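# Observations on the model geometry
Here are the chains, one letter per residue:
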Amino acid sequence: MLGARSRNKPPGAPIGVDPSRTAVRLTRVTKRYGRGPDAAAALDDVSTSIAAGGFTAVMGPSGSGKSTFLHCAAGLDRPTSGTVQLGGQVLGELDEKRLTRFRRTRVGFVFQAFNLLPSLTVEQNITLPLRLAGAGTDHDSVHGVTAAVGLTGLLDRRPSQLSGGQQQRVAIARALITRPEVIFADEPTGALDPDTADGILTLLRRAVTDLHQTVVMVTHDPVAAQRTDQVLFLAEGRLVRRVESPSAAEVTSVMTELRRSR
Ligand SMILES: Nc1ncnc2c1ncn2[C@@H]1O[C@H](COP(=O)(O)OP(=O)(O)OP(=O)(O)O)[C@@H](O)[C@H]1O
């Protein structure tokens, strides 16, 4: 494992490697949109491993490839070249049907816009991944998850009857219910006021520390990044830095440097 708190890297060399407990591994992943020589590489030869049981932030200037990284790592999109391994499974070996099933059962998602189904109750939203996978809904685990995210007493409500923070708690409960290999969160606090955002970050932190989940979160916010164990920085589709135990000041300083060097 690389010991430095932050360092530059040659292209293609791995960043953040902990081979003993790897949740996600990207090997020389490139993602191009469009065809031909002018096709832009949203991700350019990215290699990294993300250790299981940690909270990782992915940051970088606008257009640096953060969402593309998350989508490729989570099996929502396929790389143009290179391989993604998630929980020991090489995603490229799965056809669409098996990949969909893999995502439902082994991956959790939390999005900025919550993405709850408005016609379903809180409880039905939370248990949806289990029902889609054809698994039973065990009352104790539903109760455990809803208590853990602070939703007890709200299970019969519809999303429209909840605050933004409560809706994001439902999304986190829905991500936790299958005990996935990794929870991918794309700007989970982007639509929330600072106090509510703080509660959501506390919840994600507890999912890692208390429930031993692995969380990978795209964020623009140095205060949010400060709650994580490490930050991976992207610039122009390349993974250029890693900072462990980040402070908001350090993250801000790296972001300023990356924006200046564009
Ligand atoms: N579907 C697409 N078709 C063509 N180009 C795309 C597509 N999706 C992303 N891109 C391009 O790939 C690059 C990386 O985009 P991406 O959304 O991953 O960046 P980002 O770091 O998440 O940006 P932001 O912080 O603004 O959300 C950008 O130049 C973007 O324009």
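Residues numbered from 1 in each chain as written. Predicted model: local features only at pLDDT ≥ 70, side-chain atom pairs only at ≥ 80, totals over all residues. Heavy atoms only, no water.

Per an unreviewed UniProt entry, the protein chain goes by ABC transporter ATP-binding protein and derives from Streptomyces levis.

## Things to note about the overall build of the protein chain
For the record, the criterion: Only DSSP runs of H or I reaching four residues or more are called helices, and only runs of E reaching two or more are called strands; each is numbered from the N terminus. Contact between two residues is taken to exist if any of their heavy atoms lie within 4.5 Å; hydrogens are not considered. With residues, only the protein chains shown are counted as cover, and all accessible areas are computed by Shrake-Rupley using a 1.4 Å probe. Residues scored as positive are Lys and Arg, those scored as negative are Asp and Glu, and His as well as the terminal groups of each chain are ignored. To locate a charge, the coordinates of NZ of Lys, CZ of Arg, CG of Asp or CD of Glu are taken.
Secondary structure assignment for the protein chain yields eight helices and ten strands. Viewed in the frame of its principal axes, the protein chain has a C-alpha envelope of about 50 × 40 × 35 Å. Taking the intrachain contacts of the protein chain between residues at least 6 apart in sequence as the baseline, contacts between residues at least 24 apart amount to 70%. Accessible surface for the protein chain amounts to roughly 11,800 Å². Of this, 49% is attributable to carbon and sulfur atoms. Of the side chains in the protein chain, 32 bear a positive and 25 a negative charge, and the two mean positions are spaced by 3 Å.

## Notes on the packing of helix α5 (residues 164-176) against helix α6 (residues 194-209)
What counts, and what does not: Every axis corresponds to a line fitted to the C-alpha atoms, with the helix fit spanning only the stretch in contact, and the corresponding angles, defined between N-to-C directions, vary from 0 to 180 degrees. Any angle between 65 and 115 degrees counts as roughly perpendicular, while under 35 counts as roughly parallel, over 145 as roughly antiparallel, and the rest as oblique. Should the near helix be turned anticlockwise from the far one by less than a right angle, the crossing is termed left-handed; should it be turned clockwise, right-handed. Side-chain classes follow a simple rule in which Ala, Val, Leu, Ile, Met, Phe, Trp, Tyr, Cys and Pro form the nonpolar group, Asp, Glu, Lys and Arg form the charged group, and the remainder, Gly included, forms the polar group.
With their axes 10 Å apart at the nearest point, α5 and α6 run at an angle of 15° to one another. Accordingly, the angle class assigned to the pair α5 and α6 is roughly parallel. Helix-helix and strand crossings are classified by hand; for α5 and α6 the assignment is right-handed. Contacts between α5 and α6 involve G165, Q168, R169, I172 and L176 from the former and T196, G199, I200, L203, L204 and A207 from the latter. Partitioned by chemical class, the residues of the contact of α5 with α6 number six nonpolar, four polar and one charged.

## Concerning the site of the ligand
We count it as follows: Nearness is defined per residue: one heavy atom within 4 Å of the molecule or strand is enough. Polar contacts here mean pairs of N or O atoms no more than 3.5 Å apart (in protein, one a potential hydrogen donor and the other a potential acceptor; neighbouring residues in sequence count only if both atoms are side-chain atoms).
Around the ligand sit Y33, A42, P61, S62, G63, S64, G65, K66, S67, T68 and H220, and that is every residue in its neighbourhood. One of the side-chain nitrogen or oxygen atoms of S62 is found 2.6 Å away from an oxygen atom of the ligand. G63 places a polar main-chain atom, nitrogen or oxygen, 2.9 Å from an oxygen atom of the ligand. About the coverage of the ligand: the protein hides 53% of its 630 Å² of free accessible area. By residue number, the principal contributor to the shell around the ligand is helix α1 (residues 66-73), which donates three residues. For the shell around the ligand, the per-class residue count stands at three nonpolar, seven polar and one charged.

## Here we look at the sheet that holds strand β5 (residues 89-90)
Quick note on the threshold: By the convention used here, strands pair only if DSSP detects at least 2 bridges between them.
Overall, antiparallel pairing links the four strands, which are arranged β2-β1-β4-β5 in an open sheet. For this open sheet the edge positions go to β2 (40-51) and β5, each flanked by a neighbour on one side alone. Pairing between strand β1 (residues 22-33) and strand β4 (residues 81-86): five bridges, direction antiparallel. Within β4, the position partnered with T30 by the bridge is S81. Where α1 meets the sheet, it contacts β1, β2 and β4, and its direction lies at approximately 55° from that of β2.

## Remarks on α1
Keep this limit in mind: The buried label goes to any residue with under 20% of its type's maximum accessible area, the exposed label to any with over 50%, and the partly exposed label to all in between, with areas taken from a 1.4 Å probe on protein chains only.
For α1, the tally of buried residues reaches six of eight residues, placing the bulk of the element in the interior. Residues K66, T68, F69, L70, C72 and A73 constitute the buried set of α1. Just past α1, the residue G75 takes up positive phi, approximately 75°.

## Focus on the side chain of R242
Mapped onto the elements, R242 comes out in strand β10 (residues 238-244). For R242, a relative accessible area of 3% corresponds to the buried category. Among the polar contacts listed, one links the side chain of R242 to the side chain of Q230, at a separation of 3.5 Å. Within the local environment of R242, its side chain forms a polar contact with the side chain of E244, the two groups lying 2.3 Å apart.

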